[in-house]
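Here is what each chain is made of, one letter per residue.
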Amino acid sequence: MRETVAIALITSLSTLTAAGLTGLVTALTVRRQVTGQLTAAREERDAQRTLRRNQARRDTYVGFLAACDRAYRALDTGWVGPETAPGEDAPYRMLRALDEAYNLVLLAGPGPVAEAAGLTVRSVNEEYARQRQLSREQTEEATPVAVQHRAEHLAALRCRTERRDAFVAVARGTLDPT
């Protein structure tokens, strides 16, 4: 009888040990799977957040470039005269819109893009100030400022292109760092 009890006890203990080991292995496997799923979900959420941030930045940068374009058109009116330039209002309204778009770029960031946008805005304001100065000094009313001061007009156009291209290069680097 003792042998039967001993065999039953050994069988019970081995069964319990096997069940405990199986439970432990299962728990470790499930933990690894859950950790992997949490990591994947976190990475997916981070990727979506990055996509949303980049889309918001892209929209902000496009708005800034559109405001630059409107300001440039308004400045063109000052250079060549309202009768030969595309119909635009006084530059002040466009410069204010450019400042508002610049503020959005400052918020969207990052720093290098905001700095490039600041240089662009500064160049537009400098061009406007120089254009007003030349307009006040103009001797012949009928001749557009761009004709009387051709070299300065061409330099201003070159500066516009350089500033815009520099901004776009920095913005592209931010949106697509690869």
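Predicted, not measured: the structure shown is a model, and the values here were computed from it.

(A) Focus on the side chain of T143. Considering the arrangement of structural elements, one finds T143 in the loop between α3 (111–137) and α4 (145–148). Among the residues examined, T143 registers a relative accessible area of 18% and is labelled buried. When near neighbours in sequence (up to four residues on either side) are disregarded, T143 contacts Q138 and Q148.

(B) Layout of the nonpolar core. Among the nonpolar cores identified, the biggest contains 23 residues, and Y61, F64, L98, V105, V124 and F167 are the most heavily contacted of them. Counting only elements with at least two residues in this core, the list comes to α1 (2–80), α2 (91–108), α3 and α5 (150–175). Sorting elements by how many residues they give to this core places α1 first, with eight residues. With sequence-adjacent residues up to four places away left out, V124 is seen in contact with A71, Y72, L75, L95 and L98. W79, L134, V145 and A156 belong to the second largest nonpolar core, which has five residues in total.

(C) Seen up close, the packing of α3 against α5. α5 packs onto α3 with a crossing angle of 165 degrees between their chain directions and a minimal axis gap of 8 Å. Between α3 and α5, the crossing angle belongs to the class labelled roughly antiparallel. The way α3 lies across α5 gives a crossing that is left-handed. Of α5, the residues touching α3 (which contributes P112, V113, A116, A117, L119, T120, S123, E127, R130 and L134) are E152, A156, C159, R160, R163, A166, F167, V170, A171 and T174. Its residues placed into classes, the contact of α3 with α5 shows twelve nonpolar, three polar and five charged.

Cut-offs applied
Residues numbered from 1 in each chain as written. Predicted model: local features only at pLDDT ≥ 70, side-chain atom pairs only at ≥ 80, totals over all residues. Heavy atoms only, no water. Helix = DSSP H or I, 4+ residues; strand = E, 2+ residues; numbered from the N terminus. Buried < 20%, exposed > 50% of the residue type's maximum accessible area, 1.4 Å probe, protein only. Contact = heavy atoms within 4.5 Å. Core = buried A, V, L, I, M, F, W, Y, C linked by side-chain atoms within 4.5 Å. Axes fitted to C-alpha atoms, helices over the stretch in contact; angles between N-to-C directions. Parallel < 35°, antiparallel > 145°, perpendicular 65-115°, else oblique. Left-handed = near helix turned anticlockwise from the far one by under 90°. Nonpolar A, V, L, I, M, F, W, Y, C, P; charged D, E, K, R; others polar.

Honestly, that's just the spatial picture; any functional story needs more than this.
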